[in-house]
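Working through the structure, step by step
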Amino acid sequence: MTQDAIRIEGLKKTYKGGKEALKGVDLTVPRGSVFGLLGPNGAGKSTLINILAGLVTKTAGKVTIWGWDQDVNPRQSRASIGVMPQELNLDPFFTPREALEVQAGLYGVPKAQRRSDEILEMVGLTDKAHAYARTLSGGMRRRLLLGKALVHAPNVLVLDEPTAGVDIELRQMLWHNVRKLNRDRGMTIILTTHYLEEAEEMCDEIAIINHGELVIRDSTENLLARLDAKTLVITPEEPLSGALPDMPGVTASTRPGGALAFAYHRSETSPGAILDHVRNAGITLRDVATEEPDLEDVFLALTHAE
Ligand code: ADP
Ligand code: MG
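Before going into details, it helps to say that this report is about the structure given with it. (Residues numbered from 1 in each chain as written. Chains lettered and ligands numbered in written order. Predicted model: local features only at pLDDT ≥ 70, side-chain atom pairs only at ≥ 80, totals over all residues. Heavy atoms only, no water.)

Moving on, we come to the site of ligand 1. All residues in the neighbourhood of ligand 1 are listed as Tyr15, Lys19, Ala21, Pro40, Asn41, Gly42, Ala43, Gly44, Lys45, Ser46 and Thr47. Lysine 45 places a main-chain nitrogen or oxygen 2.9 Å from an oxygen atom of ligand 1. The side chain of threonine 47 places a nitrogen or oxygen atom 2.6 Å from an oxygen atom of ligand 1. Contact with the protein chains hides 62% of the accessible area of ligand 1, taken as 560 Å² for the molecule alone. Here the element with the most residues in the shell around ligand 1 is helix 1 (residues 45-52); it accounts for three residues. Of the residues assigned to the shell around ligand 1, the class counts are four nonpolar, five polar and two charged. (Near = heavy atom within 4 Å. Polar contact = N/O pair within 3.5 Å; in protein donor to acceptor, adjacent residues only side chain to side chain. Areas by Shrake-Rupley, 256 points an atom, 1.4 Å probe, with all protein chains shown as cover. Helix = DSSP H or I, 4+ residues; strand = E, 2+ residues; numbered from the N terminus. Nonpolar A, V, L, I, M, F, W, Y, C, P; charged D, E, K, R; others polar.)

This is the structure:
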């Protein structure tokens with residue numbers, strides 16, 4: 001029995017009209033992880049997720065969800081996954097409670113096992129249980145879509161850009177729920193985002209795709225460690241009057257507010273050497289901090305490197 005929540009092999013998708021959205025992607029997602037799928041707009045993230053969800057038919061390749069081959073055991077593979085889509089596609093005539101009941105019916109969840117009220121509570125829609133979907137705000141619709149993805153208690157929950165354009169409160173609610181589902185129920189979570197700091201904070205593992213191809217897949221920790229670049233930020237006691245101290249291999253710049261930023265490579269320069277240099281230039285230090293590279297840097301380094 002495989003320990004992968006998802007196994008994707010040689011996945012290709014060419015849309016009618018000839019657009020190659022996926023060009024042969026191999027990817028595995030371990031059970032129990034919070035997995036981030038990153039990439040710029042048009043990279044192929046939603047195509048991949050909609051194939052997992054059974055909403056888009058693949059052109060070639062093999063998809064296995066919780067050990068079930070999508071083509072051999074479509075029913076079991078579909079029952080193993082719940083997807084919160086990027087688009088807000090809801091039937092305007094159902095109330096949130098009805099929408100959950102209908103969804104549970106579609107997945108064959110027996111009445112006695114349905115948890116519609118519990119799910120409404122969890123996504124913060126209890127007081128809107130009987131309101132028509134067309135009267136719900138964008139944020140409430142998103143909450144309902146999350147609820148719909150959960151009705152059949154799937155092993156894998158997939159969220160396609162759940163926080164794109166949502167307010168802080170909803171974002172926090174979403175992350176709180178995602179963490180809780182992962183921690184308390186061991187649910188495997190896959191999310192796509194182009195907020196890199198979000199993936200960095202939420203995900204154990206990250207895959208980056210671009211132009212329908214996998215660029216990299218690694219633990220968040222390893223991805224960050226791949227980057228050797230660091231920045232030392234020094235706040236001087238007094239505003240700098242003369243030129244910035246110059247040092248080989250170090251790029252110095254001034255930040256708004258007067259802080260001095262020194263970009264360097266760990267493998268070439270030590271922060272101590274930079275500090276010595278700054279003190280020797282007659283600058284008194286009020287504060288010193290270092291900055292690690294974030295995924296934006298990793299992404300740029302990987303996608304621009306030929
Ligand atoms: P992402 O979610 O990473 O932004 P998508 O998977 O939505 O990327 O899109 C990947 C590429 O496939 C894009 O070039 C997009 O325009 C194209 N595409 C997406 N859906 C369709 C479709 N239904 N028909 C034709 N082309 C599509
Ligand atoms: Mg998308």
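A rise of 1.5 Å per residue sets the reference length of helix 5 (residues 138-150), with its 13 residues, at 18 Å; its end C-alpha atoms lie 19 Å apart and thus fit the reference within 8%. Taken together, the buried positions of helix 5 are Arg142, Arg143, Leu144, Leu145, Leu146, Gly147, Lys148, Ala149 and Leu150. (Expected span 1.5 Å × (residues − 1). Buried < 20%, exposed > 50% of the residue type's maximum accessible area, 1.4 Å probe, protein only.)

We now examine the sheet that holds strand 4 (residues 60-65). Pairing is antiparallel across the open sheet formed by four strands, whose spatial order is 2-1-4-5. On the outer flanks of this sheet lie strand 2 (20-30) and strand 5 (68-69), each paired with one strand and no other. As paired elements, strand 1 (residues 4-14) and strand 2 share eight bridges and run antiparallel to each other. Residue pairing across strands places isoleucine 6 opposite valine 29, the latter belonging to strand 2. Against the sheet, helix 1 makes contact with strand 1, strand 2 and strand 4, and its axis sits at roughly 120 degrees relative to strand 1, the strand it touches most. (Pairing = 2+ DSSP bridges. Contact = heavy atoms within 4.5 Å. Axes fitted to C-alpha atoms, helices over the stretch in contact; angles between N-to-C directions.)

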